[in-house]
Amino acid sequence: MPLDEGPEPTAAEAIKPAPDSSRPVPHWWVKAAEILTGWVFTFGILYVVGYLLKNYTESTWLGRFDDGVVRWLQAFRTPALDDVSWVWSKAGDTHAILAISLVFCPIALAVWRQWRPMVFVALTMVGELTLFLCTAAAVQRDRPPVTQLDDPMPTSSFPAGHIAATMCIWVTIAVLVMGRVRSRWRWLAVVLAVVMPAGVALSRMYRGMHQPTDLLGAAILTALWVGLLWWVLWPTSTPLYEPPAAC
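Participant: Go over a nonpolar patch on the surface with me, naming the residues and quoting the values.
Facilitator: Residues W72, F76, L81, V84, W88, L188, V191, V194 and V195 make up a contiguous nonpolar surface patch of about 830 Å² in total accessible area. Listed by contribution, the elements that provide at least two residues to the nonpolar patch are helix 3 (79-90) and helix 7 (187-206). With four residues, helix 7 is the largest single contributor of residues to the nonpolar patch. Checked against the element boundaries, W88 lands in helix 3.

Participant: Describe in detail the side chain of D150, supporting the description with residues and values.
Facilitator: Among the structural elements, D150 can be located in the loop between helix 5 (116-139) and helix 6 (161-180). A polar atom in the side chain of D150 sits 2.8 Å from the side chain of R204. Polar contacts involving the side chain of D150 include one to the side chain of R207, which spans 2.7 Å. With residues up to four places along the chain from it excluded, the contact list for D150 reads S89, R204, R207 and M209.

Participant: Tell me about helix 8 (residues 212-233), and please be specific about residues and values.
Facilitator: Residue pairs spaced three or four apart in an α-helix point in one direction, given the helix's 3.6 residues per turn. Across its 22 residues, helix 8 extends 31 Å between first and last C-alpha, which sits within 8% of the 32 Å expected from 1.5 Å per residue. A positive backbone phi angle near 45° is found at W234, which sits one or two residues after helix 8.

Participant: Outline the nonpolar core, listing residues and values.
Facilitator: Residues F104, W112, I163, I169, V177 and W225 are the most contacted members of the largest nonpolar core, which totals 45 residues. The dominant element in this core, judged by the number of residues it contributes, is helix 6, at 11 residues. The residues contacting I169, other than those within four sequence positions of it, are I97, I100, S101, V121 and M125.

Participant: Describe the packing of helix 3 against helix 7, naming the residues involved and giving the relevant values.
Facilitator: Between helix 3 and helix 7, the least distance of the axes is 8 Å, while the angle of their chain directions is 130°. The orientation of helix 3 with respect to helix 7, classified from their angle, is oblique. The chirality of how helix 3 crosses helix 7 is left-handed. Contacts from L81, D82, S85, W88 and S89 in helix 3 reach V195, M196, G199, V200, S203, R204 and Y206 in helix 7. Class assignment for the residues of the contact of helix 3 with helix 7 results in six nonpolar, four polar and two charged.

Scoring rules and cut-offs
All chains use their own residue numbering, which begins from 1 and follows the written sequence. The predicted origin of the model limits local features to residues at a pLDDT of at least 70 and limits the giving and counting of side-chain atom pairs to 80 or more, whereas totals for whole chains, interfaces and linings rest on all residues. Each side-chain value is worked out from all heavy atoms of the structure, with water and hydrogens disregarded. The residues that make up patches have over 30% relative accessible area and no salt bridge, and they are joined within 9 Å when like-charged or within 5 Å when they are Val, Leu, Ile, Met, Phe, Trp or Tyr. Calculation of accessible area relied on Shrake-Rupley with a 1.4 Å probe; when residues are assessed, cover is drawn exclusively from the protein chains displayed. By salt bridge we mean one thing: a side-chain nitrogen of Lys or Arg within 4 Å of a carboxyl oxygen of Asp or Glu. Segments assigned H or I by DSSP are reported as helices when at least four residues long, segments assigned E as strands when at least two residues long, and all are numbered from the N terminus. Polar contacts here mean pairs of N or O atoms no more than 3.5 Å apart (in protein, one a potential hydrogen donor and the other a potential acceptor; neighbouring residues in sequence count only if both atoms are side-chain atoms). Between two residues, a contact is recorded if the distance between any of their heavy atoms is within 4.5 Å. Between the first and last residue of a helix there are one fewer steps than residues, each counted as 1.5 Å, and that sum is the expected span. We define a nonpolar core as any set of buried Ala, Val, Leu, Ile, Met, Phe, Trp, Tyr and Cys residues linked to one another through side-chain atoms lying within 4.5 Å. We call a residue buried when its accessible area falls under 20% of the maximum for its residue type, exposed when it is over 50%, and partly exposed in between, using a 1.4 Å probe and counting protein chains only. Axes here refer to lines fitted to C-alpha atoms; in helices the fit is confined to the stretch in contact. Angles between the N-to-C directions go from 0 to 180 degrees. If an angle is under 35 degrees, it is roughly parallel; if it is over 145, roughly antiparallel; if it lies from 65 to 115, roughly perpendicular; otherwise it is oblique. Left-handed is the label given to a crossing in which the near helix is rotated counterclockwise from the far helix by less than a right angle, and right-handed is the label when the rotation is clockwise. Note on residue categories: nonpolar means Ala, Val, Leu, Ile, Met, Phe, Trp, Tyr, Cys or Pro, charged means Asp, Glu, Lys or Arg, and polar means any other residue, Gly included.

Right, here's the structure in full:
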């Protein structure tokens, strides 16, 4: 290239080579062993918590609190609130979570040009689903003793599946956005990571599908599983998208 062509010398700091994406997860066999080990420990903790809640809290203050919150919410039921809670509940079902993932992942790949965040999202949701199904099948906790607005579900009450899925997807998105975006708009991801699970949780309890301690199970699942994957994969390394500071 002639010396009088090309970018100005002052643009050198803004020029960054694209990271090597041929190996999104280096030493994958080691990472796989760490993830599988973490999955087993997470399942073990969830099972112990669920077993204790099912078998040792019924006549305690915690059991009375669980039932009391659901019964209290039942007293506020109206046709209008039933419809609102149905919409919020649907925001945490499988179809909604899959749609959010399918929208976010291609956009993130186009902007960040890395596969590691996509692996992070995929493993988060696969792990959440398997942990939820295995724990629910092992614990077999009954639904709250109130009239339920949804059809009977094949899974048990602990942990709360809709809430766990909502927490996992929105917390994962918030972790990626906060670690890779410098614009002040990144805080919107944090707001959604709080508002969306809160709305789904309130709607599921209002509809008589879960007790507060079922939400605790979802929170434990999310914290342990997302935290494990973040520690193993470091999905927020080498940020690529840095808008001007004034944005």
